[in-house]
Amino acid sequence: MAHNHAAAEPSRREKVKLLGYMIGTAVFFGVTLLISFFLVIVTINAIKIPADVASNTLMLGLVPPSVATFLLFTKVFGRFL
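Computed from a predicted model, the values in this text were never measured in an experiment.

Novice: Kindly report on the packing of helix 1 (residues 12–47) against helix 3 (residues 63–76), identifying the contributing residues and their values.
Specialist: At their nearest, the axes of helix 1 and helix 3 sit 8 Å apart, and the two run at 155 degrees to each other. Here helix 3 runs roughly antiparallel to helix 1, going by the angle between their axes. In this structure, the crossing between helix 1 and helix 3 has a hand that is right-handed. Of helix 3, the residues touching helix 1 (which contributes Met22, Thr25, Phe28, Phe29, Thr32, Leu33 and Ser36) are Pro64, Pro65, Ser66, Ala68, Thr69, Leu72 and Phe73. A breakdown of the residues in the contact of helix 1 with helix 3 according to their chemical character gives nine nonpolar, five polar and no charged.

Here you go:
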């Protein structure tokens, strides 16, 4: 009995679509990361946070892009995948 393995594999169109989502997500995360770090640096300078604490405070810049990317995948892309 012959088995059709092609039905189990995603089509070329689905692979390209998924690749597009992945690239779009990476660009989205990168852009939001740059914007977030810029805003955190501006805030650190505006509030005059001491240099020894500023490096730890800079890590707060990772939170908004991470949450935004999670929401992008679960709420937006989840409908299309």
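Novice: Mind laying out the packing of helix 1 against helix 2 (residues 51–58), listing which residues take part and the relevant values?
Specialist: Contact geometry for helix 1 and helix 2: axes closest at 10 Å, N-to-C directions at 155 degrees. Classified by the angle their axes make, helix 1 and helix 2 are roughly antiparallel. Judged by the sense of rotation from one axis to the other, the crossing of helix 1 with helix 2 is right-handed. Contact residues: helix 1 offers Phe37, Val40, Ile41 and Ile44, while helix 2 offers Ala54, Thr57 and Leu58. Across the contact of helix 1 with helix 2, the residue classes break down as six nonpolar, one polar and no charged.

Thresholds applied
- Residues numbered from 1 in each chain as written.
- Predicted model: local features only at pLDDT ≥ 70, side-chain atom pairs only at ≥ 80, totals over all residues.
- Heavy atoms only, no water.
- Axes fitted to C-alpha atoms, helices over the stretch in contact; angles between N-to-C directions.
- Helix = DSSP H or I, 4+ residues; strand = E, 2+ residues; numbered from the N terminus.
- Parallel < 35°, antiparallel > 145°, perpendicular 65-115°, else oblique.
- Left-handed = near helix turned anticlockwise from the far one by under 90°.
- Contact = heavy atoms within 4.5 Å.
- Nonpolar A, V, L, I, M, F, W, Y, C, P; charged D, E, K, R; others polar.

None of this, on its own, says anything about what the molecule does.
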